[in-house]
Amino acid sequence: MSEFKQLQDKILDKYPARVMKNRKQHILIKDDNEKQEIAANTRTVPGIITNRGCCYAGCKGVVIGPIVDMVHIVHGPIGCSYYAWGTRRNKGKAREDGKNFLQYCFSTDMQESDIVFGGEKKLKKAILEAYEIFKPNAISISATCPVGLIGDDIHQVAKQAQEEIGIPVLAFSCEGYKGVSQSAGHHIANNKLMTDVIGKTDEAAGKFSINLLGEYNIGGDEWEISRVLSKIGYNVVTTMTGNSTIEEIAKAHNADLNLVQCHRSINYIADMIETKYGIPWIKLNFIGIEAMSNSLRAMAKFFDDPELTARTEQVIKEETDDLKEEVEKYYELCKGKTAILFVGGSRAHHYQGLLKEMGIETIAAGYEFAHRDDYEGRDIIPDIKLDADSRNIEEITIEQDPQKYRLRMSKEKYDELKDEIGLSRYDGLIKEMPDGTILIDDLNHYETEMAIKILKPSFFGSGIKDKYIIQKMGVYSKQMHSYDYSGPYAGYLGAKNFMRDVAAGMFTPAWSYIKAPWTTQPALKGKIAEKGA
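Position labels on residues start from 1 in each chain and follow its written sequence. Totals for whole chains, interfaces and linings use all residues, but because this is a predicted model, local features are given only for residues with pLDDT of at least 70 and pairs of side-chain atoms are given and counted only at 80 or more. To get the side-chain values, take all heavy atoms of the structure and skip hydrogens and water.

S.K.: Account for the packing of aromatic side chains, naming residues and giving values.
M.R.: Side-chain rings of Phe, Tyr and Trp (the six-membered ring for Trp) are treated as a pair once their centres are within 6.5 Å; stacked means planes under 30 degrees apart, edge-to-face means over 60, and tilted covers the remaining angles. The full count for this structure, using the stated rule, is 17 aromatic pairs. Pairing Tyr 234 with Phe 303 gives two aromatic rings, centres 5.7 Å apart and planes at 50°, and the pair type is tilted. On the criterion of sequence distance, the pair formed by Tyr 234 in the loop between helix 10 (221-232) and strand 7 (235-241) and Phe 303 in helix 13 (residues 289-303) is long-range, its members being 69 residues apart. Taken as a pair, Tyr 234 and Phe 303 share a single burial class, namely buried. Pairwise contacts between aromatic rings join Tyr 351, Phe 459, Tyr 476, Tyr 483, Tyr 489 and Phe 498 into one cluster. The aromatic ring of Trp 223 is capped on one face by Lys 93, whose charged end is 4.7 Å from the ring centroid. In this description a helix means any DSSP run of H or I spanning at least four residues, a strand means any run of E spanning at least two, and both kinds are numbered starting from the N terminus. Note on classification: 1.4 Å probe, protein chains only; a residue is buried when its accessible area is under 20% of the maximum for its type, exposed when over 50%, partly exposed between these limits. By definition here, charges over rings are those cases where NZ of Lys or CZ of Arg is within 6 Å of the ring centre and within 35 degrees of the ring normal.

S.K.: Could you give me a rundown of the packing of helix 10 against helix 22 (residues 491-506), with the residues and numbers involved?
M.R.: To get an axis, fit a line to the C-alpha atoms, keeping to the stretch in contact for a helix; angles then go from 0 to 180 degrees between the N-to-C directions. Relative orientation of the contacting elements helix 10 and helix 22 amounts to 140°, with a least axis distance of 7 Å. The angle between the axes of helix 10 and helix 22 places the two elements in the oblique class. Where helix 10 abuts helix 22, its residues Glu 224, Arg 227 and Val 228 lie against Gly 491, Tyr 492, Leu 493 and Gly 494. Residue polarity follows a fixed list, in which Ala, Val, Leu, Ile, Met, Phe, Trp, Tyr, Cys and Pro are nonpolar, Asp, Glu, Lys and Arg are charged, and the others, Gly among them, are polar. A per-class count over the contact of helix 10 with helix 22 returns 3 nonpolar, 2 polar and 2 charged. For classification, angles of less than 35 degrees are called roughly parallel, those exceeding 145 degrees roughly antiparallel, those between 65 and 115 degrees roughly perpendicular, and all remaining angles oblique. Two residues form a contact once any of their heavy atoms are found within 4.5 Å.

S.K.: Tell me about helix 15 (residues 324-334), residues and numbers included.
M.R.: In an α-helix, one full turn covers 3.6 residues, which means residues spaced three or four apart are oriented alike. Buried residues of helix 15: Val 327, Tyr 330 and Cys 334, and no others. Seen end-on, helix 15 carries its buried residues on one side only, within an arc spanning 75°. Turned more than 90 degrees off the buried face of helix 15, the exposed positions are Glu 325, Glu 328 and Glu 332. Gly 336, located one to two residues past helix 15, shows a positive phi value of around 90°. By construction, the arc corresponds to the directions joining the helix axis to the C-beta atoms.

S.K.: Any details on the sheet that holds strand 5 (residues 169-172)? Residues and values, ideally.
M.R.: The pairing criterion for strands is at least two bridges between them, as found by DSSP. Judged by pairing direction, the sheet is parallel, and its 4 strands sit side by side in the order 3-2-4-5 without closing on themselves. Whereas interior strands pair on both sides, the edge strands pair on one side only; in this sheet they are strand 3 (106-107) and strand 5. Note that strand 2 (residues 70-75) and strand 3 share 2 bridges and pair parallel. Within strand 3, the position partnered with Ile 73 by the bridge is Phe 106.

S.K.: Could you give an account of the environment of His 155, naming the residues involved and the relevant values?
M.R.: By the element assignment, His 155 lies in helix 8 (residues 154-165). Note on His 155: relative accessible area 35%, which makes it partly exposed. Placed 16 residues apart in sequence, His 155 and Ala 171 show a C-alpha to C-alpha distance of 5.5 Å. With sequence-adjacent residues up to four places away left out, His 155 is seen in contact with Ala 171, Ser 173 and Lys 192.

S.K.: Can you tell me about the sheet that holds strand 7, naming the residues and giving the values?
M.R.: The strand order across the open sheet built from 4 strands is 7-6-8-9, with neighbouring strands paired in parallel fashion. Each end of this open sheet is capped by a strand with a single partner; those strands are strand 7 and strand 9 (281-283). Across this sheet, the average inter-strand angle for adjacent strands is 20°, counted without regard to direction. Bridge analysis of strand 6 (residues 209-215) against strand 7 gives 6 bridges, and the strand direction is parallel. When the bridges of strand 7 are listed, Glu 215 appears paired with Thr 241. This element, helix 12 (residues 263-277), spans strand 6, strand 7, strand 8 (257-260) and strand 9 of the sheet and lies at about 145° to strand 6.

S.K.: Can you tell me about the pattern of salt bridges, naming the residues and giving the values?
M.R.: Two side chains carrying opposite charge are able to pair once their charged atoms lie near each other. When a carboxyl oxygen of Asp or Glu lies within 4 Å of a side-chain nitrogen of Lys or Arg, that pair is called a salt bridge. All told, the structure shown has 37 salt bridges when counted by the stated rule. Here Asp 374 ties to Arg 264 by a salt bridge, and the two come within 2.6 Å at their closest N and O atoms. On the criterion of sequence distance, the pair formed by Asp 374 in helix 17 (residues 372-376) and Arg 264 in helix 12 is long-range, its members being 110 residues apart. In this structure Asp 374 comes out as buried when scored by relative accessible area, which is 1%. Lys 317 is the partner of Asp 321 in a salt bridge, and the nearest nitrogen-oxygen pair spans 2.8 Å. On the criterion of helical spacing, the pair formed by Asp 321 and Lys 317 is a turn pair, its members being 4 residues apart in helix 14 (residues 306-321). Taking the relative accessible area as the measure of exposure, Asp 321 reaches 33% and is therefore partly exposed. It is possible to trace a salt-bridge network through shared partners that takes in Glu 224, Arg 227, Lys 231, Glu 318 and Glu 319.

Printed below as a string of structure tokens:
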């Protein structure tokens, strides 16, 4: 019995019959001879300690929060605002107007009286106060669970405030209980940006103009990616949403190509922009040296310009020549090591190539909040049936804009590039996982412990909720959602940073000395009393 089959059986044997039946659909061992299906984007079994976040976290914490010149007001208890404040380390630089509010935490701080009598007046006052003090270029309102339960009309409040102060005020009905994970919040944020922001400012974008989608500038990733792109000659119109401004996002429809990094969080906007404005998108990966180079070459093929292509190869050579010695050093140091990646977005997919360049094999992977198409590829989207949780998210209808829609290339050229560089397609994680390795969707704490005991990885790329359990078991874990106060990890220099940090972490002797307290002492202590005592 392989260690992967042993892990699968060990996990499932522990569960009651109904839970076992559910979790069995979320665990598969990769088989190259089969077209495999995995369950995803379904509710976590009650009682299981999941690593997922909520709808509010996906909307405010992931997509909307990184916009630098917006004041982001959380309408709800102070704990919700604190939960999404600074946790992902989105970096941002103020533009000429000096406005950057990423370090601030704004909340209406709802109390019991607000729950009883309603919080609309308090919200309106907070908006006006924020505008008076900070003069932001836009304001967002993110609803939390109690707001949806008591029925505060945040959209009407936003409309009134916008008319009064004269800047965009965007309201997001992203109550935490919507959907099954933070993925619902991504969708809600995408819809609002599409209907209320993108397409509002017409401006010539210049030659080789692109948008970076699903890039949130964690630890400075966007700065490193943009450094290389600018060096080649690309014009980055906007990033959605790391280090972006509301005005830059409003110009996104003027670009020629969208580059999708995190498929799950932003694929909705990529599709809607293509439908409305005619901008194609490519699913790329800027994590890892080879992946970065392949992505740059795919972009060059799209624009099909001899000078751009030559410049691309020149920059690739310049950047990679400087890294050869570093890569060889870390490969010799780390070869034969193994890794488990359980990260949201596309990171459990993207980082496998970079780890391989270090000599580290990824033996297990999965996502927190993925949908089936993130695992199996977008071809299966028509087969995914909408459930009640998905219907809880507004579906907006996007039509071709008669004035602003324009084809960036002929249909013949589009069809040719669709297969060659993957225009408007994504084949998913399963396709690139090695045969025989294991994939687990919505991994929980018990399954994490079993994976470590049976697979004995050298490195575990994780989220914030599971990181410390992993390290208490003596395995080095890096928090891949915020990089543990390091970064950037994207692009060429990011690859060097990642190799340095991971190698240093794996070879820190402290991990081998750690023994989890529950392995050396009983979890409960007590004594048996004598009868009649």
